[in-house]
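What the coordinates show
Here are the chains, one letter per residue:
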Amino acid sequence: MMAMSHKYPDLSARNLGLAAAVVAIGGVSDWRLGLVLALWLAAWGLNIVLSGTGGSAKRFLVPTIFGITLLVLWQMSVRLFDVSSVILPAPSDIWMTILESVPVLWADFVQTVVKGALTGYVMGAALAVLAAIALDRSRFLQRGLLPVGNFIAALPIVGTAPILVMWFGFGWQSKAAVVVAMVFFPILVNTVAGLKDTEAMQRDLMRTYAASYWQSFFKLRLPAALPFIFNGLKVSTTLALIGAIVAEFFGSPIVGMGFRIKTSFGTLELAMVWAEIAVAAVAGSGFYGMVTLAEKRLTFWHPSQRANR
Amino acid sequence: MKKLMTTAMAFGLISGAAAAQDEITLQLKWVTQAQFGGYYVALANGYYEEEGLDVTINPGGPDIAPPQVLAGGGADVIVEWMPAALAARERGLPLVNIAQPFARSGMMLTCWADAGIEGPEDFPGRTLGVWFFGNEYPFLSWMSQLGISTDGGADGVEVLQQGFNVDPLLQRQADCISTMTYNEYWQVIDAGVSPDELVTFAYEDGGVATLEDGLYVDEARLEDPEFVDQMARFVRASMRGWDWAEANPEEAALIVLDYDESGAQTETHQIRMMGEVAELTAGSDGTLDEAAYQRTVDTLLAGGSDPVISEVPEGAFTHVVTEAALAN
Amino acid sequence: MRNVLPVLTVVAAILGIWYLAVGPMNFRLALDAATRGGDTVTPASVAEQGQTGLIRLMLDNPDVIPAAYAFERPRLPQPQHVAVEIYQSTFGLIRRCEWQGWGADSDNWTGLSDGCLRVIENRRSLIFHAWKTLAPTLLGFAIGTGLGILLAVGIVYNRAMDLSVMPWAIASQTIPILAIAPMIIVVMNAMGIQGLLPKSLISSYLSFFPVVVGMVKGLRRPSQMELDLLHTWSASGPQELWKLRLPSSLPYLFASLKIGVAAALVGTIVAELPTGARFGLGARLLSGSYYGQTVQIWAALLVAAICAALLVGAIGAVQRRMLTRMGMAQ
């Protein structure tokens, strides 16, 4: 015990005693609660042990165990406490629904993520970068446009989505428009900040090379702005997905993730709702991961890309 | 000390008196409007209080599924349409119809006359707007019976998930939209369209109508005789409210406006809605008409490849409550 | 302050473009109404109008353009109509407002007549609905910030939490809140929790994540030298937290608070839909959309943005005060 608490300070006698007390109190009031608590704390202990060891596998293993623990606790709670499937379905039911509905999920994925979110993301990012480049030459416009853009970005999507559906119709175009509206401002702000982020020494060096404005732009300022641009792009991946899904709540053809979530909820098919949510989470994380990979390739020189201690 | 004791006793007495009233929560199917006039009238005129009930009316809305609220214990009785209730029953939530104030269906499909649609046979190749969230069942059944696919293309219809307004029709994004006799149809008229520019198909006329606003409770609770008695009193007071609303539509609409917390409803709209709803509730004393129930079940079962319900429901309604309500 | 002129220029340009766009945006609707009203238009049938381009239609029917500007149910309302609607839903509700003092004749405790208080009490008032939205927003923001700071401290100090919580916090933001909100509301109602708290919890769900990310960055900001210095003074863990990490993370905290408060407002508006859309700015947005009152939607939208701007501005003011006093002014 002493050796363990020496190597893993989080597993000290005091903490273990505390954990045991929590399980006991929970178990006394309801044996099922005690079981759920015991499982959760055991998994947490496992994670502590794993984190203390060396090796790079733990970066993948620990969050996976955390996630699996959550799923197991969810399944146990739903079954033990007899929760109605109309309120919260068990992960096993959700998995069955996923397996049975692959064509539907795929069609929804294409409609929402590929046609709506990705199109809007690319258009919005391109517009934002171009706008930042145009703004770069005029401090006056920068000072005026950024506060106004801030205000426009504060318009709640629940209000702008119905208006954009009214303007662009029920198809994927209005969803792409909502996504453009959502990703434009974060990427713009980040790009403008990035273009300003060169040191005076670096700019002077370009002057000594007799570089024109555009040469200096493409060879110094744009590459220096890339880390900031990627910051904005990463933040915008989740915004794009959420925007496309929410826009579908307000009018859509009969395909799409937002449509499926809304209508399945209305017909009490909650397992389908959670299946779509799972697809959204996986798609969002995958999208974020792809942008992070691109960032690693293109901005390998930046301090933030060094390995963490 | 003496003051404290007397105050405490006074509070005790008051709460004791209040506890004599049974607390009931009613979950509506949509926002506060004259569609639920009878219940608001019963609340405002004190009919519930006279029956010893302390009723809380919770309005619904776009993201609220009343069966789910019932399952979650957030309401004792809900207003729901029969297709959605039967589908929920098949999905494992034991809803039982205890009263049916709406004897007729008010659902329609409203189309532009200049779109060249004269009858259901002209639907293929058109764009139709449909509400979802549980309201799509009558439409899907009808299309199935007509043999028209909902997947678009030349032989089927293109279906749009329309929001709860009439813009898709006015802005010509759809050739036809779903409307209710008491609500959306009049919104279209209010927007400056005259009735002869529209062609309307009422589900009631097409023989594909399904029963709409009815009162539903959880089957398990009906085993408690006290609950049955509470529901009987509730139904009795509610039907009194409906009778009064049918006789005094203008005052009933004003009562509904009083309870509207969003401040968005207008007098004209609500008075007109109350008048139209009165035509749907006319002649009903709350008892479910079994012939109408059977028609609804048949329409839903005849849904072809994708029926709303797959087997004949058993025990989906009961006359126990309405018999007790009308016995006095 | 030196931003005033540029901002005004940009706002004026936007208003100008907005006004110009009203005509083309509403043109097809006005043309449709004119056709049904029996006027001669080119082309004559509605079906052909659907096929023709907008520019062509406008050139062929220039006399419909004024009707497009004055259209009753516009796709794009004129800016001044929106401003009028905002006025009518706020200060325009005042009826017979007078100062009464606190004597026996006074209507209420404020000394103003009831007619003045209509601005904040009447159900049609946007200020009333704005408060109904702001109350859960502030509570949700407080909960989200508290939770975010706690999580950030846990992540920085505990290796297990660092590796396990962060990826899932990121994944949690990919779940569309509009889908989860109704389920959370139903579960809470089942547990008997109603009113302010469910909306606040959904609001905090959206606001905790920026705070976590910002605080983690901020708490890790002190350099190794500074940490070693505290070590030489034999500072304990909590002392290091309070005296070094937390103060140096303040700039990051305020930046995330600004994002968080805007997210909290959006969260509350989203949460209003599954709770019956009875009051609040989200309810007004919805009822405007439901009854096709475009101007109502725009008015509620602008008031929501103004609320967000006020909240962010308030945090900015607190930030400037605090950081100046701590010598970390930026």
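The next subject is the overall build of chain B. When its secondary structure is counted, chain B shows 13 helices and 10 strands. Here chain B has a C-alpha radius of gyration of 21 Å; the compact-globule value for 328 residues is 20 Å, and the two agree. Principal-axis analysis of the C-alpha atoms places the extent of chain B at approximately 85 × 45 × 35 Å. Of all 328 residues assigned to chain B, the portion counted as buried reaches 59%. Side-chain charges in chain B split into 14 positive and 52 negative, and the spacing between the mean points of these groups amounts to 8 Å.

Below, the discussion takes up the overall build of chain C. The secondary structure content of chain C amounts to 15 helices and zero strands. Whereas a compact globule of 330 residues would reach a radius of gyration of roughly 20 Å, chain C reaches 26 Å, over 25% beyond that. Principal axes of the C-alpha set define a box for chain C whose edges measure 90 × 65 × 55 Å. Counting only residues that meet the buried cut, chain C has 52% of its 330 residues in that class. Within chain C, residue pairs in contact and separated by at least 24 positions form 71% of the contacts whose partners lie at least 6 positions apart. Considering chain C, the positive charge centre built from 25 side chains and the negative charge centre built from 17 side chains are found 9 Å apart.

Bringing the layout of surface pockets into the picture now. All names here are of chain A. Within this model, the second largest pocket holds a volume of roughly 2300 Å³. Top element by residues in the lining of the second largest pocket is helix α4 (residues 58–80). It accounts for nine residues. A per-class count over the lining of the second largest pocket returns 41 nonpolar, eight polar and no charged.

For the rest of this paragraph, the subject is the side chain of B:Glu212. Residue and element names in this part refer to chain B. For Glu212, the position within the fold is in the loop between β9 (198–202) and β10 (214–218). Although Glu212 lies buried, it forms no salt bridge, and the closest oppositely charged side chain, Lys29, sits 9.5 Å away as judged by the N-O distance. When neighbours within four sequence positions are excluded, Glu212 is seen to be in contact with Glu80, Trp81, Met82, Gln100, Arg104, Ser105, Gly106, Met107 and Met180.

Next up on the list: the domain arrangement of chain C. Residue and element names in this part refer to chain C. The domain boundaries assigned to chain C delineate domain 1 (4–76) and domain 2 (125–325). Just the C-alpha atoms count here: the centres of domain 1 and domain 2 sit 41 Å apart. The interface of domain 1 with domain 2 comprises five residues on the first partner and four residues on the second. Roughly 380 Å² is buried in total at the junction of domain 1 and domain 2, and carbon and sulfur atoms are behind 64% of that figure. The three residues of domain 1 that bury the most area against domain 2 are Trp18, Arg73 and Pro74, which together make up 75% of that side's buried surface. Our enumeration of links across domain 1 and domain 2 arrives at zero salt bridges. Taken together, domain 1 and domain 2 are joined by one residue pair in polar contact (both at pLDDT 80 or more). Of the residues that constitute the side of domain 1 that touches domain 2, the class distribution is three nonpolar, no polar and two charged.

Our next topic: the interface of chain C and chain A. Of the residues lining the interface, 49 residues belong to chain C; the matching set on chain A comes to 50 residues. Interface area for chain C against chain A, summed over the two sides, is near 4300 Å², with a carbon-plus-sulfur share of 81%. Interface area lost by chain C to chain A is led by C:Leu163, C:Thr174 and C:Met183, which between them contribute 14%. At the junction of chain C and chain A, the tally comes to zero salt bridges.

Another aspect to go through is the interface of chain A and chain B. Accessible area lost upon the coming together of the parts serves often as the stated size of an interface. Between chain A and chain B, the contact holds 21 residues from the first and 23 residues from the second. When chain A packs against chain B, close to 2000 Å² is buried across both sides, 64% of that on carbon and sulfur atoms. It is A:Phe170, A:Ile254 and A:Leu268 in chain A that bury the most area against chain B; as a group they hold 29% of the surface buried on that side. Taken together, the links from chain A to chain B amount to one salt bridge. Of the charged contacts, one joins A:Glu269 and B:Arg91 as a salt bridge, the two residues approaching to 3.9 Å between their closest N and O atoms. For the interface between chain A and chain B, the tally reads five residue pairs in polar contact (both at pLDDT 80 or more). Elements supplying a minimum of two residues to the side of chain A that touches chain B: α8 (157–168), α11 (213–249), β1 (252–253) and α12 (257–266) of chain A. Residue contributions to the side of chain A that touches chain B peak at five residues, all from α12(A). Across the side of chain A that touches chain B, the residue classes break down as 12 nonpolar, six polar and three charged.

The subject of this paragraph is empty space enclosed by the protein. Within the structure shown, the criterion is met by five cavities of 30 Å³ or more. Quantified by volume, the largest cavity comes out at close to 540 Å³. As for the largest cavity, its lining consists of 38 residues, of which A:Phe250, B:Phe164, C:Leu286, C:Ser289 and C:Tyr290 are closest to the centre. Elements with a minimum of two residues in the lining of the largest cavity: α8 of chain A, α7 (167–170) of chain B together with α14 (281–290) and α15 (294–325) of chain C.

In this structure, A:Asp82 is a non-glycine residue whose phi angle is positive, near 55 degrees. When you line up the elements, A:Asp82 lands in the loop between α4 and α5 (91–100). The exposure class assigned to A:Asp82 is exposed, which follows from its relative accessible area of 68%. Despite not being glycine, B:Arg172 shows a phi value in the positive range, around 60 degrees. By the secondary structure assignment, B:Arg172 is in the loop between α7 and β8 (176–180). Classification of B:Arg172 as partly exposed rests on a relative accessible area of 27%.

With that out of the way, let us pick up a negative patch on the surface. Negative charge collects at one region of the surface, where C:Glu98, C:Asp107, C:Asp114 and C:Glu121 lie side by side. Within the fold, C:Glu121 resides in helix α6 (residues 114–121).

Take the sheet that holds strand β1 (residues 22–27) of chain B next. Residue and element names in this part refer to chain B. Across the sheet, five strands lie side by side as β2-β1-β3-β10-β4; this open sheet has mixed pairing. Of all the strands in the sheet, the pair left with one neighbour each is β2 (53–58) and β4 (95–99). Adjacent strand axes in the sheet meet at a mean angle of 35 degrees, parallel and antiparallel pairs treated alike. Examined bridge by bridge, β1 and β2 share six bridges and lie parallel to one another. Looking across to β2, one finds that Thr25 is bridged to Thr56. Contacting β3 (77–80), β4 and β10, helix α5 (residues 82–90) crosses the sheet at an angle of about 145 degrees to β4. This element, helix α9 (residues 225–247), spans β1, β2, β3, β4 and β10 of the sheet and lies at about 65 degrees to β1.

Residue and element names in this part refer to chain B. Structurally, Val217 can be placed in strand β10. Residue Val217 is classed as buried on the basis of its relative accessible area of 0%. For the pair Val217 and Ala99, spaced 118 residues apart in sequence, the C-alpha to C-alpha distance is 9.9 Å.

This part takes up the pairing of β3(B). Residues and elements named next belong to chain B. Burial along β3 is two-sided: the residues Val77 and Val79 and Ile78 and Glu80 are all buried. Bridge analysis of β1 against β3 gives two bridges, and the strand direction is parallel. Of the residues in β3, the one forming a bridge with Gln27 is Ile78.

Residue and element names in this part refer to chain B. Inspection of the secondary structure puts Met274 in helix α11 (residues 267–281). Take Met274: its relative accessible area is 0%, and that puts it in the buried class. Met274 sits 19 residues away from Ile255 along the chain, and the two C-alpha atoms are 11 Å apart. Among all residues touching Met274, those that are not within four sequence positions of it are Ala34, Gly37, Trp242, Ala245, Pro249, Ala252 and Ala253.

Conventions and cut-offs
Throughout, a residue's number is its position along its own chain's written sequence, starting from 1. By the order in which they are written, chains take letters starting at A while ligands take numbers starting at 1. Residue-level local features of this predicted model are given only where pLDDT is at least 70; pairs of side-chain atoms are given and counted only at 80 or more, and the full residue set underlies all totals for whole chains, interfaces and linings. For side-chain calculations, the full set of non-hydrogen atoms in the structure is used, while hydrogens and water are omitted. Only DSSP runs of H or I covering at least 4 residues are called helices, and only runs of E covering at least 2 are called strands; the numbering of each starts at the N terminus. Using C-alpha atoms as the atom set, the radius of gyration is obtained and then compared with a globule rule of 2.2 Å times the number of residues to the power 0.38. Partly exposed describes any residue whose relative accessible area lies between the buried limit of under 20% and the exposed limit of over 50%, with all areas from a 1.4 Å probe on protein chains only and scaled to the type maximum. Charge assignment: positive for Lys and Arg, negative for Asp and Glu; neither His nor the chain ends contribute. A single reference atom marks each charge: NZ on Lys, CZ on Arg, CG on Asp, CD on Glu. Throughout, a contact is declared for two residues whenever any of their heavy atoms are within 4.5 Å. Residues are called lining when one of their atoms sits within 4 Å of a cavity or pocket point, these points coming from a 1 Å grid over the protein atoms alone, where a cavity is a set in which a 1.4 Å probe fits but cannot get out and a pocket is an open set with protein on both sides within 12 Å along at least five of seven lines. Grid points are joined across faces, edges and corners, and a volume is the space filled by probe spheres set on the points. Any residue outside Ala, Val, Leu, Ile, Met, Phe, Trp, Tyr, Cys, Pro, Asp, Glu, Lys and Arg is labelled polar, Gly included; the first ten of those are nonpolar and the last four are charged. A pairing counts as a salt bridge when a side-chain nitrogen of Lys or Arg comes within 4 Å of a carboxyl oxygen of Asp or Glu. Where each domain starts and ends comes from a domain assignment, either automatic or drawn from a database. By convention, the term buried area covers the 1.4 Å-probe accessible surface removed from two parts as they join, with the contributions of both added. Identification of polar contacts relies on pairs of N or O atoms within 3.5 Å, with a donor-acceptor requirement for protein atoms, meaning one able to donate a hydrogen and the other able to accept it, and with residues adjacent in sequence counted only if both atoms are side-chain atoms. Surface patches are defined over residues having more than 30% relative accessible area and no salt bridge, joining like charges when they lie within 9 Å and nonpolar side chains (Val, Leu, Ile, Met, Phe, Trp, Tyr) when within 5 Å. Using the Shrake-Rupley algorithm and a 1.4 Å probe, accessible areas are obtained, with residue cover drawn only from the displayed protein chains. By the convention used here, strands pair only if DSSP detects at least 2 bridges between them. All axes are obtained by fitting lines to C-alpha atoms, using only the stretch in contact for helices, and the reported angles, taken between N-to-C directions, cover 0 to 180 degrees.

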